[in-house]
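Observations on chain architecture
One-letter residues, chain by chain:
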Amino acid sequence: MGRRSVILVAVSSLALSACVQTRQYTDVDFQPPQGDYSLIVMRPDVQVGSLTTAGLVEPRADWTEQARANVLRALREQQAGRGGRTLVMERRDEVRGIDAKLVADLERLHNAVGNSIILHKYLGLGLPTKRRGIDWTLGEDAVRFGRASGMDYALFLYAQDNVASTGRVAMQVLGIAGCFIGFCAPQGGASQTAFASLVDLKTGDVVWFNVLQTGSQLPGVAFGDIRTPQGSAQMVERLLGRMRAGRNVRARQQ
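Parameters at a glance
Residues numbered from 1 in each chain as written. Predicted model: local features only at pLDDT ≥ 70, side-chain atom pairs only at ≥ 80, totals over all residues. Heavy atoms only, no water. Helix = DSSP H or I, 4+ residues; strand = E, 2+ residues; numbered from the N terminus. Buried < 20%, exposed > 50% of the residue type's maximum accessible area, 1.4 Å probe, protein only. Contact = heavy atoms within 4.5 Å. Areas by Shrake-Rupley, 256 points an atom, 1.4 Å probe, with all protein chains shown as cover. Axes fitted to C-alpha atoms, helices over the stretch in contact; angles between N-to-C directions. Parallel < 35°, antiparallel > 145°, perpendicular 65-115°, else oblique. Left-handed = near helix turned anticlockwise from the far one by under 90°. Nonpolar A, V, L, I, M, F, W, Y, C, P; charged D, E, K, R; others polar. Polar contact = N/O pair within 3.5 Å; in protein donor to acceptor, adjacent residues only side chain to side chain. Phe/Tyr/Trp six-rings, centres within 6.5 Å; stacked < 30°, edge-to-face > 60°. Lys NZ or Arg CZ within 6 Å of the ring centre and 35° of its normal. Arc of directions from axis to C-beta.

Here the focus is the overall build of the protein. Across its full length, the protein holds 7 helices and 8 strands. For the protein, with 254 residues in total, the buried portion stands at 45%. Partitioning the contacts of the protein with sequence separation of at least 6, the portion at a separation of at least 24 is 78%. For the protein, the accessible surface area stands at approximately 12900 Å², while carbon and sulfur atoms represent 53% of it.

Attention shifts here to the packing of helix α2 (residues 61-80) against helix α6 (residues 229-240). Relative orientation of the contacting elements α2 and α6 amounts to 50°, with a least axis distance of 8 Å. Comparing the axis directions of α2 and α6 gives the class oblique. The handedness of the crossing between α2 and α6 comes out as right-handed. For the pair α2 and α6, contact is made by A67, N70, V71, R73, A74, L75, Q78 and Q79 and by P229, S232, A233, M235, V236, E237 and L240, respectively. Looking at the contact of α2 with α6 residue by residue, the classes come out as 9 nonpolar, 4 polar and 2 charged.

Here we take up the side chain of S149. Within the fold, S149 resides in helix α4 (residues 139-149). For S149, a relative accessible area of 17% gives the class buried. A polar contact is formed between the side chain of S149 and the backbone oxygen of G146, at a distance of 3.4 Å. At 3.3 Å, the side chain of S149 forms a polar contact with the backbone nitrogen of M151. Residues within four places of S149 in sequence aside, it is in contact with I98 and L201.

Attention now goes to the environment of Y153. Here Y153 lies in strand β6 (residues 153-164). Excluding residues within four positions of it along the chain, Y153 makes contact with P33, Y37, S38, L39, I40, L198, V199, D200 and L201.

With that settled, the discussion passes to the packing of aromatic side chains. All chains considered together, the criterion is met by 2 aromatic pairs. For the pair Y158 and F195, a centre-to-centre distance of 5.1 Å together with 25° between the ring planes defines the contact as stacked. One end of the pair, Y158, is in strand β6; the other, F195, is in strand β7 (residues 191-200), with 37 residues separating them in the sequence. The same class applies to Y158 as to F195, namely buried. It is R60 that lies over the ring of W63; its NZ or CZ is 4.0 Å from the centre. It is R227 that lies over the ring of W63; its NZ or CZ is 4.3 Å from the centre.

Let us now look at α4. Listed as buried for α4 are A142, V143, F145, G146 and S149. Looking straight down α4, one finds its buried side chains confined to an arc of 160°; they lie on one side. Of the surrounding secondary structure, the elements contacted by the buried residues of α4 are β2 (38-41), α3 (100-122) and β7. One or two positions beyond α4, positive phi appears at G150, with a value near 75°.

Next up, the structure:
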């Protein structure tokens with residue numbers, strides 16, 4: 001293979017490294033909510049940071065608050081088209097009769113459970129007792145929250161957006177430029193990681209889970225900046241737009 005061909009292959013592989021991936025897991029008997037259901041959307045856990053020249057992430061509180069407001073708006077608009085009775089929480093003390101500490105505990109628990117699901121279902125560290133569908137729970141705290149709120153389901157969402165700084169974009173340009181002189185050193189740039197869980201508040205079980213992962217080694221390429229209304233709407237739709245029914249439900253529908 002000639003040098004020109006090698007360069008073309010290298011640049012093509014960089015283009016392919018700019019990607020968007022989602023993957024759902026559901027309880028085998030999960031049926032997406034429909035009809036006269038009630039759903040509470042928990043206060044979204046949102047973090048936005050600047051990806052520095054050195055590849056470190058510096059948290060930005062101003063960007064985070066801006067993104068959370070946009071995600072909340074996107075969640076309201078997205079859920080309004082689903083039907084059912086829906087409440088989107090902006091604050092932990094928003095629901096009368098529910099202690100803000102219980103909400104905060106549920107948020108922390110969901111974060112831990114969500115990361116466990118990602119570790120064992122998405123990163124290859126499978127557990128022999130959790131091979132069918134999804135088999136995780138938020139337990140009695142979620143059931144207690146359901147009784148107090150009167151809701152059937154709770155929807156949790158976590159999102160982290162890393163925005164490439166000017167210096168990082170320059171590093172990406174240099175990395176790609178090296179491909180044309182025989183030294184290819186691509187650099188990771190803007191990225192977005194998000195996951196969402198639907199929890200049945202009668203049992204506390206996670207019945208649906210989805211992960212969104214975006215990333216690019218191409219300078220200036222991003223996949224929905226959640227600091228903007230458009231980027232937040234895009235992320236929410238990618239995560240929640242098409243809830244897949246469980247395996248047993250799909251089999252009965254065939």
